[in-house]
Amino acid sequence: MTLSLGHTTRTSSNILPLTFFLRHHTHSPLPHQHGPCCVFSATELRSFHRRRPPQRGGEQVRLPCGSSLPLSRLLRASPNCTFHNSRCQISLLLPHPSSLLAFQKRLLIPHLGSFSALPLSSFHHEKFPFLNNSRTFVSDADSGLEEDCDGRGVSGESRVDLDEVHKVCKVIDELFALDRNMEAVLDECGFQLSHDLVVEVLQRFKHARKPAFRFFCWAGKSPGFAHDSRTYNCMMSVLGRTRQFETMVALLEEMGEKGLLTMETFSIAIKAFSEAKQRKKAVGIFDLMKKHGFKVGVDVINFLLESLGAAKLGKEAQAVFEKLRDRFTPNLQTYTILLSGWCRLKNLLEAGRVWNEMIDGGLKPDIVAHNVMLEGLLKCKKKSDAIKLFEIMKAKGPSPNVRSYTIIIQDFCKQKMTGEAIEYFDEMVDRGCQPDVALYTCLITGFGKQKKMDMVYNLLKEMRERGCSPDGRTYNALIKLMTSQHMPDDAVRIYKKMIQSGIEPTIHSYNMIMKSYFMAKNYEMGHVIWDEMHQKGCCPDDNSYAVLIGGLIRQDRSGDACRYLEEMLEKGMKAPQLDYNKFASDISKTGNTVILEELARKMNFVGKFEVSNILASWVDMMKKSAKRREHTNSASQFI
């Protein structure tokens, strides 16, 4: 890579020592033992995998004989080592292009500008993640950007007429609130229902469970159409996402009666309960599986443990494992999942115990397990220990892969140590490990946060030269970069290039751009983005409505904000976190008590009692104020 130009050396004083030497024992309590801090120079680190002695004084580190060891031996090092971080001085390889564009009223239509050099790529809908044995354990480190994965889930490649889908969605949007009319109009329109069409419509209302469920029920009663496993699973996913568990389980039982259950059905239920932190109900799905003749094997148990761990229920996942361990034979993936769960909770003591238990069971930690531990050490700010583990991997195996380097490089980028990040990138390429999109996205995010836009453009250019096309996360990282620097016009240009490249924007893409425009007080373009999101068939989520409602309030359009707030509640969505006292105060200035009364009633109906009380108190104040004014006016007329 051509990004590292000059190197200087400095001493790092913020590297923490290893504080958890673990005994090679499985069930005994594992006390904390404080060990010496082991730090390396950059020259020493490179010398390990190149098999040459360090080029500076000090005691040479002796590596253990392989990485299939207890952590107490794996990370133990000599007491007199020092670590010097090498920092790259990066020059301006490309001139910084001007980021300010002339405002255009309809910015979504004009031609592309400076991002026209971005390569094209095809888009494939993400499959629903179920019983994934690839053991990749992908996390936010892949891109340096936290983002909701807006996959299609249960549906595959859609072959439906999108114009027909749009017509159906328009009927639902316009008539859902009128209660009785929606189904009648859908009947009159004579739509040719197919499973693809139903799945596509449900996807467009995946955050709005009430209209989605009404459409699902209407479709099921339509002549000549019967739901299959795909449409049921899609509706299950919507109900699980919105935590309508009673209806979700009833639908599961209905599928069982019709013989439509699949393993994916159970995976949706397990994941939904896990995300809601309802461990017992997630485990209870096993009983339903047995009831309907499905086998509960190690892959299913691993999926449950992984779902619990992803919801930061590592302790609960461990408890489930202990309860079920006599009923199945744990494999390497089982222990790696438990290890990941504890690392998410930053509990290195328990992570080390699981590591040692894995080895006691005759299982050798592979590259995935090492990467999980590497990321766990960095999350707990044990950088020196992570570096030791990384060097041991290079010297004794398993050899670091692109994911390993991404984990290390992302940590350097978070600390604005982009020089060190580039050093590791160069080292990775020298070792014959090819960078992927996730790694480039991580570097783009790191340089972008430091406003080194010349490096961002250079990385994009290099990606194209290597035949590594940006994906959805890369584009979203660029959009986030532009919106964080209050440059929404540039964010829209990236959005347009994203669509031109055949990549579907996610709800996160729209939310970032819309919020950026509202923060810049460009309310017109904020509404254009909202409309564009609907036209592209992207279902607004809770955050979308919160951004729009907040923008309307700042625009002194409290009446419209109230209308969208009611729309959220009617769709079965959660009310956003707002300053409802200020919101009610703004509405009170209009003197319209009917709006607040209706909103207070709906808030009470959905269980938002505190918000309902706030709004009701403002209604009372408005009525009392109106009576006082009437009394004063009457007295004035009498005088």
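Residues numbered from 1 in each chain as written. Predicted model: local features only at pLDDT ≥ 70, side-chain atom pairs only at ≥ 80, totals over all residues. Heavy atoms only, no water.

With respect to the overall build of the chain
Inclusion rule: The helix and strand labels rest on DSSP assignments: H or I over at least four residues marks a helix, E over at least two residues marks a strand, and numbering proceeds from the N terminus. When a residue's accessible area, from a 1.4 Å probe over protein chains only, is under 20% of the maximum for its type it is buried; when over 50% it is exposed; and in between it is partly exposed. Whether two residues are in contact is decided by their heavy atoms, any of which lying within 4.5 Å being enough. For accessible areas, the Shrake-Rupley method is used with a probe of radius 1.4 Å. Any residue's cover is judged against the shown protein chains and nothing else.
When helices and strands are tallied, the chain shows 29 helices and two strands. The burial tally for the chain puts 54% of its 639 residues in the buried class. Nonlocal contacts in the chain, meaning residues at least 24 apart in sequence, comprise 72% of its contacts between residues at least 6 apart. If you sum the accessible surface of the chain, you get close to 29400 Å²; carbon and sulfur atoms cover 51% of it.

Thoughts on unusual backbone geometry
Peptide bonds are mostly trans, and most non-glycine residues show a negative phi. With an omega dihedral of -10°, the bond running from Gly397 to Pro398 counts as a cis peptide bond. Considering the arrangement of structural elements, one finds Pro398 in the loop between α16 (383–396) and α17 (402–414). For Lys346, which is not a glycine, the phi torsion comes out positive at approximately 60°. Phi at Lys521 is positive, roughly 65°, even though this residue is not glycine. Here Lys521 shows up in the loop between α23 (507–519) and α24 (523–535).

Quick notes on the UniProt feature "repeat: PPR" (unreviewed entry) in the chain
Applied cut-off: UniProt positions are given in the numbering used here, feature names are shortened, and annotations may be inferred rather than shown by experiment.
Taking the numbering used here, the UniProt-annotated feature "repeat: PPR" (unreviewed entry) corresponds to residues 228–262, 331–365, 366–400, 401–435, 436–470, 471–505, 506–540 and 541–575. As annotated, residues 331–365 comprises 74% helix and 0% strand, and the C-alpha atoms at either end are separated by 11 Å. The distance from the first to the last C-alpha atom of residues 366–400 is 10 Å, and the span holds 77% helix and 0% strand.

A look at the packing of aromatic side chains
Rules: For this analysis, a ring pair means two rings from Phe, Tyr or Trp (six-membered ring only for Trp) whose centres lie within 6.5 Å, classed as stacked if their planes differ by under 30 degrees, edge-to-face if by over 60, and tilted for the remaining angles. Whether a charge lies above a ring is judged from NZ of Lys or CZ of Arg, which has to be within 6 Å of the ring centre and within 35 degrees of the ring normal.
Enumeration according to the criterion identifies 15 aromatic pairs in this entry. Here the aromatic rings of Phe321 and Phe328 are separated by 6.2 Å at their centres, their planes lie at 85°, and the arrangement is edge-to-face. In this structure Phe328 comes out as buried when scored by relative accessible area, which is 10%. Between Phe425 and Tyr440 the ring centres are 5.7 Å apart and the planes differ by 55°, which places this aromatic pair in the tilted class. In this pair, Phe425 is assigned in helix α18 (residues 418–430) and Tyr440 in helix α19 (residues 437–449), connecting sequence segments 15 residues apart. With a relative accessible area of 0%, Phe425 lands in the buried category. Residue classification places Tyr440 among the buried positions, given a relative accessible area of 0%. Three or more aromatic residues joined by ring pairs form one cluster here, namely Phe390, Tyr405, Phe412 and Tyr424. The ring of Tyr564 has Arg563 lying over it, and the distance from NZ or CZ to the ring centre is 4.6 Å.

Concerning the nonpolar core
Worth spelling out the cut-off: We call a set of buried Ala, Val, Leu, Ile, Met, Phe, Trp, Tyr and Cys residues a nonpolar core when their side-chain atoms join them within 4.5 Å.
Among the nonpolar cores identified, the biggest contains 168 residues, and Val201, Phe215, Ile409 and Leu443 are the most heavily contacted of them. Top contributing element to this core by residue count: helix α15 (residues 367–379), with eight residues.

Side note on the packing of helix α6 (residues 209–221) against helix α7 (residues 229–241)
Our working rule: To define axes, lines are fitted to C-alpha atoms, for helices over the stretch in contact only, and angles between the resulting N-to-C directions are given on a 0 to 180 degree scale. Each angle is binned into one of four classes, with values under 35 degrees roughly parallel, values over 145 roughly antiparallel, values of 65 to 115 roughly perpendicular, and all other values oblique. The crossing is said to be left-handed when, going from far helix to near helix, the turn is anticlockwise and less than a right angle, and right-handed when the turn is clockwise. Gly is put with the polar residues, along with every residue not named as nonpolar or charged; the nonpolar set is Ala, Val, Leu, Ile, Met, Phe, Trp, Tyr, Cys and Pro, and the charged set is Asp, Glu, Lys and Arg.
At a minimum axis distance of 10 Å, the contact between α6 and α7 shows a crossing angle of 160°. In terms of orientation, α6 lies roughly antiparallel with respect to α7. The handedness of the crossing between α6 and α7 is left-handed. Mapping the contact onto sequence places Arg209, Ala212, Phe213 and Phe216 in α6 and Thr231, Tyr232, Met235 and Val238 in α7. Each residue belonging to the contact of α6 with α7 can be placed in one class, and the counts come to six nonpolar, one polar and one charged.

Brief notes about α24
Quick note on the threshold: Expected helix span is given by 1.5 Å per residue-to-residue step, counting one fewer step than there are residues.
If you check α24, its first and last C-alpha atoms are 18 Å apart, about what 13 residues at 1.5 Å a residue would give, namely 18 Å. Here the buried face of α24 lies against α22 (488–500), α23, α25 (542–554) and α26 (558–570). Of the residues flanking the end of α24, it is Gly537, one or two places downstream, whose phi is positive at about 75°.

Thoughts on the state of the cysteines
Filter applied, for reference: Cysteine sulfur pairs qualify as disulfides if the two atoms are within 2.5 Å.
Applying the stated rule across the entire model yields zero disulfides. Not engaged in a disulfide, the cysteine Cys343 finds its nearest cysteine sulfur in Cys380; these two sulfurs lie 6.9 Å apart.

Some thoughts on the environment of Met487
In this fold, Met487 is placed in the loop between α21 (472–484) and α22. A C-alpha to C-alpha distance of 7.6 Å links Met487 and Ser516, two positions 29 residues apart in sequence.

Comments concerning the pattern of salt bridges
The test is simple: Should a side-chain nitrogen of Lys or Arg be within 4 Å of a carboxyl oxygen of Asp or Glu, the pair is scored as a salt bridge.
Enumeration according to the criterion identifies 17 salt bridges in this entry. We note a salt bridge from Arg403 to Glu375, for which the minimum N-O separation is 3.1 Å. With Arg403 in helix α17 and Glu375 in helix α15, this pair connects stretches of sequence that are 28 residues apart. A salt bridge links Asp411 to Lys383; its shortest N-O distance comes to 3.2 Å. Taken as a pair, Asp411 in helix α17 and Lys383 in helix α16 lie far apart in primary sequence, 28 residues in all. Here Asp411 and Lys383 have matching classes, each one buried.

Considerations on the side chain of Thr506
Formally: Each polar contact in these results corresponds to two N or O atoms within 3.5 Å; when the atoms are within protein, one needs to be able to donate a hydrogen and the other to accept it, and residues that are neighboring in sequence are counted only if both atoms are side-chain atoms.
Inspection of the secondary structure puts Thr506 in the loop between α22 and α23. At a separation of 3.2 Å, a polar atom in the side chain of Thr506 contacts the side chain of Asn476.

What to know about a positive patch on the surface
We apply this condition: What goes into a patch is any residue over 30% in relative accessible area without a salt bridge, connected to like charges within 9 Å or, for nonpolar side chains (Val, Leu, Ile, Met, Phe, Trp, Tyr), within 5 Å. His is not counted, nor are the chain ends; Lys and Arg add positive charge and Asp and Glu add negative charge. We put the charge of a Lys on NZ, of an Arg on CZ, of an Asp on CG and of a Glu on CD.
Where like charges cluster on the molecular surface, the positive patch consists of Arg243, Lys277, Lys312, Lys346, Lys379, Lys381, Lys414, Lys449, Lys480 and Lys574. Positionally, Lys379 belongs in helix α15. Lys379 gets classed as partly exposed once you look at its relative accessible area, which sits at 35%.

Quick look at α19
Helix length check: α19 (13 residues) gives 18 Å between terminal C-alpha atoms against 18 Å at 1.5 Å per residue, within 8%. Looking only at α19, the buried set comprises Val437, Ala438, Leu439, Tyr440, Thr441, Cys442, Leu443, Ile444, Thr445, Gly446, Phe447 and Gly448. Buried residues along α19 sit in contact with α17, α18, α20 (453–465) and α21. Lys451 sits one or two positions beyond α19 and adopts a positive phi of about 60°.

Here we look at the confidence of the model for the chain
Short version of the rule: What pLDDT reports is the predictor's confidence in each residue, on a scale of 0 through 100.
Mean pLDDT over the chain: 75, with 69% of residues reaching 70 or higher. Scored below 50 in pLDDT, residues 1–67 shows 182 contacts in the model against residues more than four places distant or in partner chains.

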